[in-house]
Amino acid sequence: MLSDQSPRMTGLIIALLLALPLYLLHQGLRQNEQQQQQNRLQQRAALSFNNAERSLNALQEQLHALQHLMQLKPDLNRQQFDQFNNQSSISAYGIAAFEWIPRIKRTEAELWINRARADGIFDFRLSGTDSPQPDLYPIYYSAAAQMNGLSLGLNLARLPALWQAMEKSRQANNLQVGISENSGLDETEGAEFRLLLPVFTTDGHTLRGYISAMIRFEETINVLLGTVLSSRNRLGLEIYDHTPGQPPAVLFSTGNVHTGNVHTGNVSAGNNGIDDNSSLTAEFKQQLGNRLLHYRFVDLTPPPPWWQLSRATLLVCGIALVAMVLLLLLQHTRTRRAQAEALAREQSHSLELARNDYHNLFEKVIEGVYSATLDGRFVRVNPALARAFGFHDPDSMIRNIHQIGQQLHYSAEHYQQFIEQLHQQQEVLNFEWEGRDRHGQPIWLSENAYLSRNEQGQLIYQGTIDVITERKLHEQQLHYQARHDALTGLLNRSALQQRLEEGLQQAQAGAVLFIDLDGFKKINDSLGHAIGDSFLCELARRLRSCTDHCDHLARMGGDEFVIYRPLPDTRQAVLELAEQLQRLVCKPWWPENNAQSVQVSASIGITFIDGHTAVDGHTAVDGQSAAVNKSEAHSNTTRLHASDVLRDADLAMYEVKRNGKGSYQVFSLDMHHQRQQQTLLEDQLSQALQNQQFSLHFQPVVRLPHGQLRGFETLLRWHNPQLGHVSPEQFIPLAEQLGIMPALGLWVIEQAFAALARLQPQHYGPALQLSINLSPCQLQDGQLLEQLPALLKRHAIDSQHINFELTESALATDETAVIERLEALRNLGFGLYIDDFGTGYSSLKRLADFPVSGIKIDRSFVTGLEADNSKQIMVEMIMSMARLLELHVIAEGIETPAEQQQLQQLGCQLAQGYLFARPQPESALQPLLAASDDDSPTGSLLLQPGL
């Protein structure tokens, strides 16, 4: 029994001993095949991922370049915006819509709509304005998008996801990705991705808006990887948003891949994902703004059918037969060896094919590819790189270039920085440098390189080089345009402010001359803007001729120029420069093909910078030090900014304008204080009517010689809690400048009508006459004529008791229009008086043509009348002229009995002045009314010295 069992046991042992190594061999071969499949998948996936990654990175780089452009050139128009984006390599794919999203206050919405239409953006319409944010963020420009016209004006802040991304982008000043639902403005489907970058003003403090690149992610991946992901390639792809702090979300799937969890971080694969036992995967990560994208490529090659025997099955069958016959085992071993040799030959053939593919790619690729030693010698270059530097073939380039840094780089130090960075980081990406080609011509390049070793183990570096000369020249042109005036070629406002700011940071002494042309508007109005532009160019040439090489000359806009002279020799030299500028500007200029010469003058404001910290943010002037004394300088000094200096020079220039133009003025602190007072007065005046700070006073108009009351002149008074009583000579002209005079004048008329309605019943004598001053802007206001009848009816007064007083300057405009308005007032029954008669331009013809009821002799003719023979003659002439034209005459400003007596002798019957009564509020008029009702001489106002 033992002998019978020994062969069996021995056979079983031999079978087991043979089965174990064969099983291990089978497992090793299977793992090897799977590893090869994995490597092939990894290579295919890496090429696809690199294409997608490079394109999306190019999209981010384009967005950063566009942000830089919008900061440097805030007035970029739509055409320039489109041209800049169309030059991007990413534009060729048509996968991104670059958008300019300005920040618009809701009160400025209509202004932006009009501005868009004026710029030729006729399809701009604001939509989605129901967002809770105080400002609107609409799409203003949109380049390279199918929904170009449809999306303009869409307020992106209404979408919570986009608004959150915009806020994060503004706070961190970096790229953020916002994902929102499809806006439905075109035929495409899928979520909208927006890469957002904030755009601030040049000072970096104020948000102007956002630059956006809008893509639809599924369409983008299909465009970039569509050919790779076709069904015949048996390659599937899933892309997840795996941003830290957010749950993973599927962004893209080819459809033939089961969506599962990502094998990365703290997330594990789920059962509803891809079966890892039957499919191979390759995974990559990419940072897109604040989003971490996880690419998962899947080999979708189907498994063999169940009836096809695998190698493992064959090995099991061989193990079962090994005990039966060694020959079969030997034959099986030979078969395995043959199979291994065939596989090796196949791998060798595949390797050879891969080498051929690499060689073809190396030779045909349009980018320059190279390998070089660390001492600056090329080992290998492709034809594209040789052509870029002007060589006919790679060999000639290798033979002639012995030191890359000295022969190709414009700056050898720059090349040394490249080598040092390569040693430190093992790779260098997007290294831009200026070089020289074989003929010495400049060329700009972008280089990517990494350290490697050759077959001998020596360190070398390899990389690619792109020629970016055209892009660099375009960037330089844009940089120049962003800093220079397009018409004159001088520096623009932002460039001058930057240079002035640099000088102030270095505490340099200097001087700034602010030049404004006097009378330039007449050139544009009479000769046209083309002649005006030519004159500005001629003026720029003249200004250059008298400035030093260290001076900074800029056109601030319109007809304003500024010269910034750092480190001037002396104060007197700057003043002499101002005089020289005056002479140059005043020289006549003859436009081409025009016999008429052009001549203007200049108003120049000057401010000096002493190089120290300024007091209260102002430059030191007129020999005053910026630090008045040590104690004050320590507590009240602040760093001077460019805007402070330009403001001071501008104030000095406007002081010249105010004093007659055609001169220069050095800034003083008194000017700033006056401007502060003016600004305060404007602010308070704009709110005075709303805050009920105005009131009316009434000055009696009396009959001579006894002083019986004939009526009142209505006078406007303003009492401000902060400023106290403000003179009408101050606030009336300012109200006309601010455009509030029509509303204020209408208030005066309505209050005066109401006062007359209250005073008339208290007066038992002849009907009172009430005079109301009418400003020039009120006379031009057509609505006033429509409102007056309703006011008369409301207060139940007769227009025959109302006189409107107008100054001679109000009548000196368009006479036809003035006469029409005056006739309309006369037809309504109002009386019309010319106030301050004799101080302006008057003529008998004008008095005859205008439908006026009377005139008021100005107080300048009344004061000292009894002792001035020339004044008496003038008043006598006025009285004679008034009698001939049947006009009433009122003399104003009477303060002495002698003046009254002289006027009576000259025939004047109506008068007003302090001799009779000062202007009084309505509540104080009762004594005047009572005195005027007494017909006796004791009842006249002349006998009321207390009034």
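1. Comments concerning the overall build of the protein
Then, number 1: Along its length, the protein carries 30 helices and 33 strands.
Then, number 2: For the protein, the share of sequence-separated contacts (at least 6 apart) that also reach a separation of at least 24 residues comes to 62%.
Then, number 3: For the protein, the accessible area works out to roughly 49300 Å², and carbon and sulfur atoms hold 51% of it.

2. Details of the sheet that holds strand E9 (residues 249-253)
Then, number 1: On the basis of which strands lie adjacent, the open sheet formed by four strands has the order E9-E8-E11-E10 and antiparallel pairing. Edge positions in the sheet fall to E9 and strand E10 (281-288), since each has one partner strand and no second. Mean inter-strand twist for the sheet, computed between neighbouring axes without regard to direction, equals 25°.
Then, number 2: Where E10 and strand E11 (residues 291-299) come together, eight bridges link them in antiparallel fashion. In the strand pairing of E11, Gln286 is matched with Leu293.
Then, number 3: Sitting on the sheet, helix H6 (residues 217-225) is in contact with strand E8 (235-241), E9 and E11, with an inclination near 40° to E9.

3. With respect to unusual backbone geometry
Then, number 1: The omega angle of the peptide bond from Leu704 to Pro705 is 15°, so this bond is cis rather than trans.
Then, number 2: Relative to the elements of secondary structure, Pro705 occurs in the loop between strand E24 (694-703) and strand E25 (708-720).
Then, number 3: For Ala796, which is not a glycine, the phi torsion comes out positive at approximately 55°.
Then, number 4: Relative to the assigned elements, Ala796 resides in the loop between helix H24 (782-795) and strand E28 (802-807).
Then, number 5: In this structure Ala796 comes out as exposed when scored by relative accessible area, which is 69%.
Then, number 6: The phi angle at Glu886 is positive, at roughly 55°, despite the residue not being glycine.

4. Here's the deal with the pattern of salt bridges
A side chain with one charge may pair with a side chain of the opposite charge, provided their charged atoms come close.
Then, number 1: In total, this model carries 30 salt bridges according to the counting rule given.
Then, number 2: The residue Arg103 makes a salt bridge to Asp135 at a minimum N-O spacing of 2.9 Å. Of the two residues, Arg103 sits in the loop between strand E1 (97-102) and strand E2 (104-105) while Asp135 sits in strand E3 (residues 135-136), which places them 32 residues apart along the sequence.
Then, number 3: When its relative accessible area of 35% is taken as the criterion, Arg103 is described as partly exposed.
Then, number 4: Since its relative accessible area comes to 10%, Asp135 is described here as buried.
Then, number 5: Arg658 serves as the salt-bridge partner of Glu655, at 2.7 Å between the closest nitrogen and oxygen. Here Glu655 pairs with Arg658, and both are found in helix H19 (residues 642-658), just three residues apart, close to one helical turn.
Then, number 6: Here Arg658 falls in the exposed class, since its relative accessible area comes to 58%.

5. Some remarks on the packing of H19 against helix H20 (residues 669-688)
Then, number 1: Running from N to C, H19 and H20 point in directions that differ by 85°, and their axes come no closer than 10 Å. As the angle between them shows, H19 and H20 are arranged roughly perpendicular. Residues Arg647, Leu651, Ala652, Glu655 and Arg658 of H19 form the contact with H20, whose own contacting residues are Met671, His672, Gln674 and Arg675.
Then, number 2: For the contact of H19 with H20, a count of residues per class yields three nonpolar, two polar and four charged.

6. Comments concerning the confidence of the model for the protein
Then, number 1: Summary statistics for the protein give a mean pLDDT of 82 and a share of 84% for residues scoring 70 or more.
Then, number 2: Here residues 612-616 is modelled with pLDDT under 50, and outside its nearest four sequence neighbours on either side it reaches 17 contacts, counting other chains as well.

7. Re the packing of aromatic side chains
Then, number 1: All chains considered together, the criterion is met by 25 aromatic pairs.
Then, number 2: With a centroid separation of 5.3 Å and 70° between ring planes, the pair formed by Phe124 and Tyr140 is classed as edge-to-face. Of this pair, Phe124 sits in the loop between helix H3 (109-118) and E3 while Tyr140 sits in the loop between E3 and strand E4 (141-143); the two residues are 16 residues apart in sequence, bridging distant segments of the chain. Accessibility assignment for this pair places Phe124 and Tyr140 in one class, buried.
Then, number 3: Seen from their ring centres, Tyr370 and Tyr461 are 5.7 Å apart, and the 80° between their planes marks the pair as edge-to-face. Here Tyr461 lies in strand E16 (residues 459-467) and Tyr370 lies in strand E12 (residues 368-373), a separation of 91 residues in the sequence. An identical accessibility class is assigned to Tyr370 and Tyr461; each is buried.
Then, number 4: Within the aromatic cluster, the residues linked to one another by ring pairs are Tyr370, Phe378, Tyr415, Phe418, Phe431 and Tyr461.
Then, number 5: Residue placement shows Lys472 over the ring face of Trp444; its charged tip is 4.8 Å from the ring centre.

8. Examining the packing of H24 against helix H25 (residues 815-827)
Then, number 1: Interhelical geometry of H24 versus H25 gives an angle of 0° and a closest axis separation of 11 Å. Put simply, H24 runs roughly parallel to H25. Here Gly782, Leu785 and Leu788 of H24 lie close against H25, whose contacting residues are Arg821, Ala824 and Leu825.
Then, number 2: Taken together, the residues of the contact of H24 with H25 sort by class into four nonpolar, one polar and one charged.

9. Here's the deal with helix H14 (residues 493-505)
Then, number 1: The end-to-end C-alpha separation of H14 is 18 Å, in line with the 18 Å expected for 13 residues at 1.5 Å each.
Then, number 2: Buried within H14 we find Ala495, Leu496, Leu500, Glu501, Gly503 and Leu504.
Then, number 3: On its buried face, H14 sits against helix H13 (469-483), strand E17 (510-518), strand E18 (552-557), strand E19 (560-566), strand E20 (601-609) and H19.
Then, number 4: Two residues or fewer after H14 comes Ala507, characterised by a positive phi angle close to 55°.

10. Some words on the nonpolar core
The tendency in soluble globular proteins is for nonpolar side chains to be buried side by side.
Then, number 1: Counting 73 residues, the largest nonpolar core has Phe712, Ile749, Phe753, Ile802, Phe804 and Ile855 as the members making the most contacts within it.
Then, number 2: Here the element with the most residues in this core is helix H22 (residues 741-759); it accounts for nine residues.
Then, number 3: For Phe712, the contacting residues outside a window of four places in its chain are Phe698, Gln699, Pro700, Val701, Leu759, Leu768, Gln769, Leu770, Ser771, Leu925, Leu928 and Leu929.
Then, number 4: Within the second largest apolar cluster, 72 residues are counted, among which are Leu41, Tyr137, Leu280 and Leu478.

11. Overview of the sheet that holds E20
Then, number 1: Strands sit in the order E18-E19-E17-E20-E23 across an open sheet of five strands; the sheet is mixed. If you trace the sheet from one side to the other, it starts and ends with E18 and strand E23 (664-666), each paired once. Strand-to-strand twist in this sheet, taken as the mean axis angle between neighbours without regard to direction, amounts to 20°.
Then, number 2: Here E20 runs beside E23; their pairing, made up of three bridges, is parallel. Within E23, the residue paired with Ile606 across the bridge is Val666.
Then, number 3: The strands that H19 touches are E17, E18, E19, E20 and E23; relative to E20, the one it contacts most, it runs at about 140°.

12. A closer look at the side chain of His294
Then, number 1: For His294, the position within the fold is in strand E11.
Then, number 2: Classification of His294 by relative accessible area gives buried; the value is 2%.
Then, number 3: Looking at His294, its side chain comes within polar contact range of the side chain of Glu283, at 3.2 Å.

13. Some words on the pairing of strand E27 (residues 769-773)
Then, number 1: Taken across its five residues, E27 has four buried, putting it largely inside the fold.
Then, number 2: The pairing of E25 with E27 spans four bridges and is parallel. Considered in E27, the bridge of Thr714 is made with Ile772.

Definitions and cut-offs
Residues numbered from 1 in each chain as written. Predicted model: local features only at pLDDT ≥ 70, side-chain atom pairs only at ≥ 80, totals over all residues. Heavy atoms only, no water. Helix = DSSP H or I, 4+ residues; strand = E, 2+ residues; numbered from the N terminus. Contact = heavy atoms within 4.5 Å. Areas by Shrake-Rupley, 256 points an atom, 1.4 Å probe, with all protein chains shown as cover. Pairing = 2+ DSSP bridges. Axes fitted to C-alpha atoms, helices over the stretch in contact; angles between N-to-C directions. Buried < 20%, exposed > 50% of the residue type's maximum accessible area, 1.4 Å probe, protein only. Salt bridge = Lys/Arg side-chain N within 4 Å of Asp/Glu carboxyl O. Parallel < 35°, antiparallel > 145°, perpendicular 65-115°, else oblique. Nonpolar A, V, L, I, M, F, W, Y, C, P; charged D, E, K, R; others polar. pLDDT = per-residue confidence, 0-100. Phe/Tyr/Trp six-rings, centres within 6.5 Å; stacked < 30°, edge-to-face > 60°. Lys NZ or Arg CZ within 6 Å of the ring centre and 35° of its normal. Expected span 1.5 Å × (residues − 1). Core = buried A, V, L, I, M, F, W, Y, C linked by side-chain atoms within 4.5 Å. Polar contact = N/O pair within 3.5 Å; in protein donor to acceptor, adjacent residues only side chain to side chain.

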